[in-house]
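Below, each chain spelled out in residue letters.
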Amino acid sequence: MPEAASASFSARAESSLAVSWPMRVRDPRLGLVERWLRYAVPGILAVFLACLVGLAALHIQGQRAEILAGAKAEVEGFARLAARAIAPAGGRASDLRSLMPESERHPGRRLLLVRPDTRIAAAHPPLPADTTTLAQVLGESEPLSGLGERAGAMALDLPGGESVLAAIHSLPDGAGQVAVLQPIEPLMRGWSARARDQIVLVAAAILVIVGVGLAYGLQSRQATRADRAREQIRGRLETALRRGACGLWDWDIARGRIYWSDSMYALLGYQRQHEYLSFGAVNALVHPDDGDLYSLARGLAAAQTCVDHAFRMRGADGAYVWLRARAEVMPDAHDGGRHLVGIATDITEQRALEETNAASDMRLRDAVEAISEAFVLWDTGNRLVLCNSKFRHLHALSPEDAQSGRSYTDVMGRGVLPQVRRESPEAGLALPGMASRTFEAELTDGRWLQISERRTKDGGYVSVGTDITSLKRHQEQLQASERELIETVKDLKRSRRTLELQTQQLADLAERYLDQKAAAEAASQAKSEFLANMSHELRTPLNAIIGFADVMENAVLGPLGTPRYTEYCRDIRESGSHLLSMIDDILNMARLEARRVRLNPRAIPAEAAVTSALGLVEAAAREKGITLGLDVQPGIDLLADPSAMQQILANLVQNAVKFTPAGGRVAVRVRRAGASTHLFVEDSGIGIPRADLARLGRPFTQVEAQMTRSHKGSGLGLAITRSMVELHGGSLRIRSEETVGTVVLVRLPAPAPEQTERPVRAVAAPRDAVSLTGRRSVAA
């Protein structure tokens, strides 16, 4: 059996494809049925054998039962007939012999005549002399004596161990009974022989069926092993093909169909749908620029036996894959046809690498050609690999003379060696396993070359010649500069001592400067305090002067007499108000410098603050015919102290109205810009010269122009405004152009939702800082 299984596997392995590839794509239902039959057939044979043995046993038992049933009926009938025959004769032994003639039909049958007291009157064949009762013959527990003919024929075991069929029938008028005993063993002799024959026949059939089942099981087991080995071989081959980026082809040339392995489908990204592919379907996948399968078929028809062809095939994603097919024509022993069997290898990466290498080689040649040094590379056999035009020009070589592959002696023999005036060797760089040498040579034309020669890792030789003429000239210049530097260092040493003396003098001056600065700061502090006190002392009499002038101007207590007195009172009141405003500015500035101002910033509506400030200048703007504009985005708040913000806006809009000619325009805009709020004050006034912008915002500073001659002011308004803006954490910028107008930008932090009121202490305003609020040098 193993030899048969091996032969079967070998026969399958030697098919047209060496391994039966198409068997793998058969109907899966047939494979399921085949696996089911491998287990079902042995079971069916086992069930058949069990049924055969059961039926044979039942048949043998039936035959035995049939023989016993016939024997019982015959014994019972014989007992009945004997009772009828014995009754008229009176029951003599001779009558018993006449009833049972000698015959082979009933071997061992015994006839007994029993009296009513159960004693045996006669017997044929005769009984032993000591056996006189029926109980001695049948046994003490026999039921026939009590039942009589109602029991019929019964199977009994006699005291001697013999099995018999016994029947009793009563004689008429209670004269006694007739008993018939028929031994069973003689009756079963024929049945035993037939049973042995049947058992032998059934055993032979069982042996044959068991042998067939064992043979089937062994064959199925060997076939399973063969299929498993085939699948294992196929799997290994598929794995090897897939890992090697290969696919197996089997082209049935006569039938025009092509078989692909799974690895071939995976190579192109397709899914197997049919066992074979048509010739046209495969040919449609070949790139048109790489030929087609028809030309290959014509070549095969022209007795070509081997194929080695590179081409492109379209994959499932639409991209083309480079394949290299190597195949050989093999005859098919089954149908006499020819098959082209081989593998197709994915060479896309190899093609891409070749293109990359070609591009890299081209870039390398271009790079070598682009360098400014003379470059040459020789291989291990002293043959030219690569050189550039600088090397050819140095040795007077033509491109034909310096072709790759020429030997060193041939190339250098065609060229001219440059004349060397002298050489300046330098220490070469020692590399492991490589000899290197670097030296400098001066040519007869005055040029210097630095030549570096070294061995490559593959045993080749590379030489680079660099023109270092300019470097050599720089070295000469450096040497001259070094001599000059030495002289300069000597001069510096002499100057160092002078500088040390000057440094000591500067230290003394710095110490005196610090003393004078402290004194100046103390004087400034005293000045600020004096101004604060002086301004406070001046406010009291000025308030009285302004109040009395107002009373007299309005004639509260009666007429003054002459109308000119009313004009004088008006001038006194206006002058006093102007003087009071200047004193207030001085007081505010002094308070700021003395750090006595505290702010309570909070979120205030921008529109309300700007509207309030514009209301202060509305009358003055109306007198001059100036248009006031307001542009505030809704919902914008200013994070500022309300009083300080009112003063800032008032100073800015009053300056804008003051320096804007009649018929001009003043506008205020408020915008949100990220985390800040921008406030713009624009006017179409006389403008400020660019040179004066840097001085604006300094205390007591006014621009010396026509506006200072026609407008009054202390010069503190812009300084106060600037300081107030900076106290709020903001800044101020100004842009102005003469005869065009001025734009002032105030940038303030935007209020946050969680902003709470917190006091801010004023800091001293720098004396020389430029404030954006100080657009002009005069303030209200």
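Residue indices follow the written sequence of each chain, beginning from 1 at its first position. In keeping with the model being predicted, local features are shown solely for residues with a pLDDT of at least 70 and side-chain atom pairs are shown and tallied solely at 80 or more, while totals for entire chains, interfaces and linings include all residues. Remark: hydrogens and water are excluded; side-chain values derive from all non-hydrogen atoms of the structure.

1. Notes on the overall build of the protein chain
1) Next: Counting from the N terminus, the helices are the DSSP runs of H or I reaching at least four residues and the strands are the DSSP runs of E reaching at least two. Assigned secondary structure in the protein chain consists of 19 helices and 26 strands.
2) Next: In this scheme, a residue with accessible area under 20% of its type's maximum is buried, one over 50% is exposed, and one in between is partly exposed, where area comes from a 1.4 Å probe on protein chains only. Per-residue burial for the protein chain yields a buried fraction of 36% across its 780 residues.
3) Next: Whether two residues are in contact is decided by their heavy atoms, any of which lying within 4.5 Å being enough. Relative to all contacts within the protein chain whose residues are 6 or more apart in sequence, the contacts with residues 24 or more apart total 57%.
4) Next: Of the roughly 45,100 Å² of accessible surface on the protein chain, 56% is carried by carbon and sulfur atoms. Per-residue accessibility takes into account occlusion by the displayed protein chains alone, with areas from the Shrake-Rupley method and a 1.4 Å probe.

2. With respect to the sheet that holds strand β6 (residues 246-252)
By way of backbone hydrogen bonds, the strands of a sheet pair with one another, either parallel or antiparallel.
1) Next: Taken in spatial order, the 6 strands of this open sheet run β8-β7-β6-β11-β10-β9, and their pairing is antiparallel. Unpaired on one side and paired on the other, β8 (277-278) and β9 (306-314) mark the two borders of the sheet.
2) Next: Bridge analysis of strand β10 (residues 320-331) against strand β11 (residues 338-346) gives 9 bridges, and the strand direction is antiparallel. Along β11, the bridge assignment pairs proline 331 with arginine 338. Only strands joined by at least two bridges in the DSSP assignment are considered to pair.

3. Some points on the nonpolar core
1) Next: We define a nonpolar core as any set of buried Ala, Val, Leu, Ile, Met, Phe, Trp, Tyr and Cys residues linked to one another through side-chain atoms lying within 4.5 Å. Met645, Leu679 and Val746 are the most contacted members of the largest nonpolar core, which has 38 residues in total.
2) Next: Every element with two or more residues in this core is listed here: α16 (606-624), β21 (637-640), α17 (642-658), β22 (665-673), β23 (676-683), α19 (717-727), β24 (731-737) and β25 (741-749).
3) Next: Counting residues per element, this core draws most heavily on α17, which supplies 8 residues.
4) Next: Residues in contact with methionine 645, not counting those within four places in the same chain, are Ile604, Leu638, Ala640, Leu679 and Leu748.

4. Brief notes about the packing of α16 against α17
1) Next: Between N-to-C directions, angles span 0 to 180 degrees; the directions come from axes that are lines fitted to C-alpha atoms, helices contributing only their stretch in contact. Direction vectors running N to C along α16 and α17 enclose 25 degrees, while the axes themselves pass 9 Å from each other. By the angle class used here, α16 and α17 are roughly parallel. Between α16 and α17 lies a crossing whose hand is right-handed. Counted together, Ala609, Val610, Ser612, Ala613, Leu614, Leu616, Val617, Ala620, Ala621 and Lys624 of α16 and Gln646, Leu649, Ala650, Val653, Gln654, Val657 and Lys658 of α17 form the full contact between these two elements. Angular relationships are summarised with four words: roughly parallel below 35 degrees, roughly antiparallel beyond 145, roughly perpendicular across 65 to 115, and oblique for the angles in between. The sense of a crossing depends on the near helix, which, turned anticlockwise from the far helix by less than a right angle, makes the crossing left-handed and, turned clockwise, makes it right-handed.

5. Thoughts on the environment of serine 452
1) Next: Tracing the sequence through the fold places serine 452 in strand β16 (residues 448-455).
2) Next: Placed 14 residues apart in sequence, serine 452 and threonine 466 show a C-alpha to C-alpha distance of 8.4 Å.
3) Next: Sequence-distant contacts of serine 452, defined by excluding residues within four places in its chain, comprise Arg437, Thr438, Val462, Ser463 and Val464.

6. Describing the side chain of histidine 287
1) Next: With respect to the helices, strands and loops of the structure, histidine 287 is situated in the loop between α9 (279-285) and α10 (293-301).
2) Next: With relative accessibility at 12%, the residue histidine 287 sits in the buried group.
3) Next: Excluding residues within four positions of it along the chain, histidine 287 makes contact with Arg312 and Tyr320.

7. Quick notes on the pairing of strand β17 (residues 461-467)
Look at any regular strand and the pattern is simple: side chains alternate between the two faces of the sheet.
1) Next: The pairing of strand β12 (residues 374-378) with β17 spans 5 bridges and is classified as antiparallel. Across the sheet, the residue bridging to phenylalanine 375 is valine 464, located in β17.
2) Next: Count of turn residues in the β16/β17 antiparallel hairpin: 5 residues, of which glycine 459 carries a positive phi of about 95 degrees.

8. Some points on the packing of α17 against α19
1) Next: α19 packs onto α17 with a crossing angle of 140 degrees between their chain directions and a minimal axis gap of 10 Å. The angle between α17 and α19 falls in the class oblique. For the pair α17 and α19, the sense of crossing is left-handed. Each of Ala644, Gln647, Ile648, Asn651, Leu652 and Asn655 in α17 lies in contact with α19, whose residues at this interface are Gly717, Leu718, Ile720, Thr721, Met724 and Val725.
2) Next: As a working rule, the residues Ala, Val, Leu, Ile, Met, Phe, Trp, Tyr, Cys and Pro are called nonpolar, Asp, Glu, Lys and Arg charged, and the rest polar, with Gly in that last group. The residue makeup of the contact of α17 with α19, split by class, is 7 nonpolar, 5 polar and no charged.

9. What about the pattern of salt bridges?
1) Next: Salt bridge criterion: a side-chain nitrogen from Lys or Arg within 4 Å of a carboxyl oxygen from Asp or Glu. A full pass over the atoms with the stated rule returns 21 salt bridges.
2) Next: Measuring nitrogen to oxygen at the nearest pair gives 3.6 Å for the salt bridge that ties glutamate 76 to arginine 80. Taken together, the residues span about one helical turn, with glutamate 76 and arginine 80 both in helix α2 (residues 28-89) at a distance of 4 residues.
3) Next: Note that glutamate 185 and arginine 189 form a salt bridge whose closest N and O atoms lie 3.3 Å from each other.
4) Next: When salt bridges that share partners are traced, they join Asp401, Arg406, Asp410 and Arg414 into one network.

10. A word on the packing of aromatic side chains
1) Next: Centre distance within 6.5 Å is the pairing criterion for rings of Phe, Tyr and Trp, where only the six-membered ring of Trp is used; planes under 30 degrees apart are then read as stacked, over 60 as edge-to-face, and the remainder as tilted. A full pass over the atoms with the stated rule returns 5 aromatic pairs.
2) Next: An angle of 70 degrees between the planes, with centres 6.2 Å apart, marks the rings of tyrosine 259 and tyrosine 276 as edge-to-face. Of the two residues, tyrosine 259 is situated in strand β7 (residues 257-260) and tyrosine 276 in the loop between α8 (262-268) and β8; the sequence distance between them amounts to 17 residues.
3) Next: Look at tyrosine 259 and you get buried, because its relative accessible area is 1%.
4) Next: Residues tryptophan 260 and tyrosine 265 carry aromatic rings whose centres are separated by 5.5 Å and whose planes lie at 70 degrees to one another, so their mutual orientation is edge-to-face.
5) Next: Assessed through its relative accessible area of 5%, tyrosine 265 is described here as buried.
6) Next: The rule for a charge over a ring is simple: NZ of Lys or CZ of Arg within 6 Å of the ring centre, and within 35 degrees of the ring normal. Taking NZ or CZ as reference, arginine 257 lies 4.0 Å from the ring centre of tyrosine 276, over its face.
7) Next: Against the face of tryptophan 322 rests arginine 351, its NZ or CZ located 4.0 Å from the ring centre.

11. Focus on the sheet that holds β22
1) Next: Within the open sheet, the 5 strands sit side by side as β20-β22-β23-β25-β24. Their pairing is mixed. Each of the sheet's edge strands pairs with one partner strand only, and the pair in question is β20 (627-632) and β24. Averaged over neighbouring strand pairs, the angle between their axes works out to 15 degrees when direction is ignored.

12. Here's the deal with helix α7 (residues 189-243)
1) Next: Expected helix span is given by 1.5 Å per residue-to-residue step, counting one fewer step than there are residues. Taking 1.5 Å per residue, 55 residues should reach 81 Å; α7 reaches 79 Å between its end C-alpha atoms and fits that length.
2) Next: In the segment just after α7, alanine 245 is the residue with positive phi, at about 55 degrees.

13. Here we look at the environment of leucine 579
1) Next: Note that leucine 579 resides in helix α15 (residues 563-593).
2) Next: C-alpha of leucine 579 to C-alpha of leucine 538: the two residues are 41 residues apart in sequence and 9.4 Å apart in space.

14. A few points about the environment of threonine 456
1) Next: On the secondary structure map, threonine 456 appears in the loop between β16 and β17.
2) Next: Spatially, the C-alpha atoms of threonine 456 and threonine 380 are 9.0 Å apart, while their sequence positions differ by 76 residues.
3) Next: We define a polar contact as two N or O atoms separated by no more than 3.5 Å, with the added condition that, inside protein, one atom must be a possible hydrogen donor and the other a possible acceptor, whereas residues neighbouring each other in sequence contribute only through side-chain atom pairs. Polar side-chain contacts of threonine 456 include one of 2.8 Å to the backbone nitrogen of glycine 460.

15. Concerning a nonpolar patch on the surface
1) Next: Surface patches are defined over residues having more than 30% relative accessible area and no salt bridge, joining like charges when they lie within 9 Å and nonpolar side chains (Val, Leu, Ile, Met, Phe, Trp, Tyr) when within 5 Å. On the surface, Phe548, Met552, Leu560, Tyr565 and Tyr568 cluster together into a nonpolar patch covering about 510 Å² of accessible area.
2) Next: Summarising the element assignment, phenylalanine 548 is placed in helix α14 (residues 469-553).

16. Quick notes on the confidence of the model for the protein chain
Do not read the predicted coordinates in detail wherever pLDDT is low.
1) Next: Looking at the protein chain as a whole, its pLDDT mean stands at 76, while 79% of the residues score no less than 70.
2) Next: pLDDT under 50 marks residues 427-434. Its contacts with residues more than four places away, or in other chains, come to 9 contacts.
3) Next: The predictor rates its confidence in each residue with pLDDT, a number between 0 and 100. Long-range and interchain partners of residues 756-780, a stretch whose pLDDT sits below 50, account for 120 contacts in this model, where long-range means more than four residues apart.

17. Some points on unusual backbone geometry
1) Next: Of note, asparagine 382 is a non-glycine position whose phi angle comes to about 55 degrees, a positive value.
2) Next: Tracing the backbone shows asparagine 382 in the loop between β12 and β13 (384-387).
3) Next: A positive phi angle, close to 65 degrees, is found at threonine 739, a residue other than glycine.
4) Next: Position of threonine 739 among the secondary structure elements: in the loop between β24 and β25.

18. Things to note about the side chain of aspartate 379
1) Next: In this structure, aspartate 379 sits in the loop between β12 and β13.
2) Next: Side-chain polar atoms of aspartate 379 contact the backbone nitrogen of glycine 381, separated by 3.1 Å.
3) Next: If we skip the residues at most four places from it in the chain, aspartate 379 touches Val385, Gly459 and Gly460.

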